[in-house]
Amino acid sequence: MKTKGYYFSLLMNTGNLALTVLSVIAAFIVAFQFKSKARKYAAICVLILCLPILLFNFILNALLIDNSYSTVRYPSGPHKITIEYRNASLGETHHFYNFYKTTVIPGVSKKINTDLVDIMTRSYVGDDLALLGTDDVKWSKGNSVITFSSPYATTAINLKKDEVYANLIKD
């Protein structure tokens, strides 16, 4: 699913933990299905050795990458755009955004952008969503293009073509 840009809508950290736990449980169930005792023992040993690596990776991601999520609903209909955002600061602050749209399949979202949308600021003290311009959302072309406008950038999302255009506004 990831290679085609589709993700489960459980984008929150608890969703990642739940999917990791379910994957480990499924792997143990598969390991117990082996008929040979040697294969069963080897598979369980490999899984037990991989558990600390998975746990370390999950904790490291949770500590270092603190993603937040927000949604913008279509003006008509049940569909919505989910915005994944975070920032990193080393003198200048980089604000990173990913966009996901709902699909026909419940619980599955499609990632719209291929690269992170990055807006760099200096001494900005506001909210990441306000910086993106979620307060000034404009829908056009039959609700197929959404535009976020702020003093720092104008970001347009074409939902039919699954493309994101970000134009940074220079001071």
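A brief look at the structure comes next. On a predicted model such as this, the values are computed, not experimentally measured, just so you know. (Residues numbered from 1 in each chain as written. Predicted model: local features only at pLDDT ≥ 70, side-chain atom pairs only at ≥ 80, totals over all residues. Heavy atoms only, no water.)

In this section: helix α2 (residues 37–64). In this model α2 runs 41 Å from its N-terminal to its C-terminal C-alpha over 28 residues, within 8% of the 40 Å that 1.5 Å per residue would give. C50 marks where α2 bends most, by close to 30 degrees; the proline P52 follows one to four residues later. N-capping of α2 is provided by S36, with a side-chain oxygen placed 3.3 Å from the backbone N of A38. (Helix = DSSP H or I, 4+ residues; strand = E, 2+ residues; numbered from the N terminus. Expected span 1.5 Å × (residues − 1). Bend = angle between axes of the 7 residues up to and from the residue. Polar contact = N/O pair within 3.5 Å; in protein donor to acceptor, adjacent residues only side chain to side chain.)

The subject of this paragraph is the pairing of strand β5 (residues 108–111). Where burial is concerned, the two faces of β5 agree: the one with V108 and K110 and the one with S109 and K111 are both buried. Note that strand β4 (residues 92–102) and β5 share three bridges and pair antiparallel. Along β5, the bridge assignment pairs Y100 with K111. Between β4 and β5, which pair antiparallel one after the other, the connecting turn spans five residues, and G107 there sits at a positive phi close to 85 degrees. (Buried < 20%, exposed > 50% of the residue type's maximum accessible area, 1.4 Å probe, protein only. Pairing = 2+ DSSP bridges.)

This part takes up the pattern of salt bridges. Summed over all chains, the structure comprises four salt bridges. For E92, the salt bridge goes to R122, with nearest N and O atoms at 2.7 Å. Taken together, the residues span a long stretch of sequence, with E92 in strand β4 and R122 in the loop between β6 (117–121) and α3 (128–132) at a distance of 30 residues. Take E92: its relative accessible area is 24%, and that puts it in the partly exposed class. Given a relative accessible area of 57%, R122 falls into the exposed group. Residue K101 pairs with D162 through a salt bridge whose shortest N-O separation is 2.8 Å. (Salt bridge = Lys/Arg side-chain N within 4 Å of Asp/Glu carboxyl O.)

Taken in spatial order, the four strands make up an open sheet running β7-β8-β9-β10, and their pairing is antiparallel. Two strands in the sheet have a free side with no partner beyond their single neighbour: β7 (137–140) and β10 (163–168). Going across the sheet, the axis of each strand differs from the next one's by a mean of 15 degrees, ignoring polarity. (Axes fitted to C-alpha atoms, helices over the stretch in contact; angles between N-to-C directions.)

What follows deals with the side chain of K101. Relative to the helices and strands, K101 is located in strand β4. Among the polar contacts listed, one links the side chain of K101 to the side chain of D162, at a separation of 2.8 Å. K101 has contacts with K80, I81, S109, K110, I112, L159 and D162, leaving out every residue within four places of it along the chain. (Contact = heavy atoms within 4.5 Å.)

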